[in-house]
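Descriptive structure summary
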Amino acid sequence: MEPVDGNAIGGMLYDVFGCEMTMAQAECGRCGARGPLAECEVYLGGPGIVVRCRGCHDIMMLLVEVREMICVDLGGLSELERPARR
Amino acid sequence: MAGAAVLGGLTWRVATVTAVVDETPRVRTLELEVAGWQGHLAGQHVDVRLTAEDGYRAERAYSLASAPGEPPAITVERLEDGEVSPYLTETVRRGDAFELRGPIGGYFVWRPVDGGPLFLAAGGSGVAPMRSILRHRRNTMSDVRARLFYSSRTLEDVIYRTELDGEEVVHSLTRAQPPGWTGYARRVDVDLLREVAWPAEDGPLAFVCGPTSFVESVAAGLVELGYASGRIKTERFGGTGGS
């Protein structure tokens, strides 16, 4: 399955964080690469959504929807900076 | 929580189809009326949600194909194994309604103040947000130069063909070409980009949308040509869709 990117989950991220997140700067906990969430690799279609680093491909974030509740694992991120509202 | 707005979240709204435009044999544009629509930016998208009688739900993201200030519209390509696109391209009629939330996204967005020159690259139905950007540029009488590189399988698969005649567009037809075709007839690579993209010295701003492999080729090619990676905005929609 070919990955998409963070744009595709912009709606879900908005729901989870309460604001626009595709511009949020995410830092990979493994290789330290930094960039907007929009540019991360995103794998849809599994039981959950997997967000991977575009540099080292390690898992940065997992999102699983269970009975209309979204569970989020941010364990692969060393930093997530919310964008300024504009 | 269904149908309720989380604090600061996005609300699912009812979208009613006001017009159906057949773009190609596999692609349709749906013009929509959405109660409470607050307007959108060029390049943003919406999530569409369909609910089956048994409660099963499927969601897909679609780029907005209309310009800011215009009613929302989406352009949908039928995917044979799709859960959402067969309904949107075959079943839906004017007056029908479905759920939608948005507008979504702040990254793949162009505002006139962002400047250019704009180099837009689209594969297949990845041309939808480019129509929004090109219309916005026109509607705001922006003097930013814009050029679209557009890869399709065949001439019959070219979306917005008449409208794009009024823009600066370089086509490539990757599968079949009509007799006398003088445009490109191959998949995008760095040599092709060197011929069609603005030179890096002009400080261009690039938007690239299409199937993942198309986007990867274009983004890598533009970086090789010296484009600043922060000036290349990408949006990938996976392994399907013709380019």
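Residues numbered from 1 in each chain as written. Chains lettered and ligands numbered in written order. Predicted model: local features only at pLDDT ≥ 70, side-chain atom pairs only at ≥ 80, totals over all residues.

All names here are of chain B. Structurally, the position occupied by E59 is in strand β4 (residues 57-63). C-alpha of E59 to C-alpha of D114: the two residues are 55 residues apart in sequence and 31 Å apart in space. Leaving out residues up to four positions away in the same chain, E59 has contacts with D47, V48 and R49. (Helix = DSSP H or I, 4+ residues; strand = E, 2+ residues; numbered from the N terminus. Contact = placed C-beta atoms within 7 Å.)

What follows covers the domain arrangement of chain B. Residue and element names in this part refer to chain B. Domain annotation for chain B reports domain 1 (13-104) and domain 2 (112-236). The C-alpha-based centres of domain 1 and domain 2 are spaced at 23 Å. The partner domain 2 presents 15 residues to the 15 residues of domain 1 that form the contact. Looking at the side of domain 1 that touches domain 2, the elements with two or more residues in it are β1 (13-24) and β5 (73-77). Its residues assigned to classes, the side of domain 1 that touches domain 2 comprises seven nonpolar, six polar and two charged. (Domains from an automatic or database assignment. Nonpolar A, V, L, I, M, F, W, Y, C, P; charged D, E, K, R; others polar.)

Taken together, the 24 residues of chain B in the interface contact 21 residues of chain A. For the side of chain B that touches chain A, the class distribution of residues is 10 nonpolar, 10 polar and four charged.

Let's shift gears to the pairing of strand β6 (residues 97-104) of chain B. All names here are of chain B. In terms of strand pairing, β1 meets β6 through four bridges, oriented antiparallel. Paired with A15 across the bridge in β6 is F98. As defined by bridge partners, strand β3 (residues 45-51) adjoins β6 across four bridges and the pair is classed as antiparallel. When the sheet's bridge partners are listed, V48 is paired in β6 with L100. (Pairing = 2+ DSSP bridges.)

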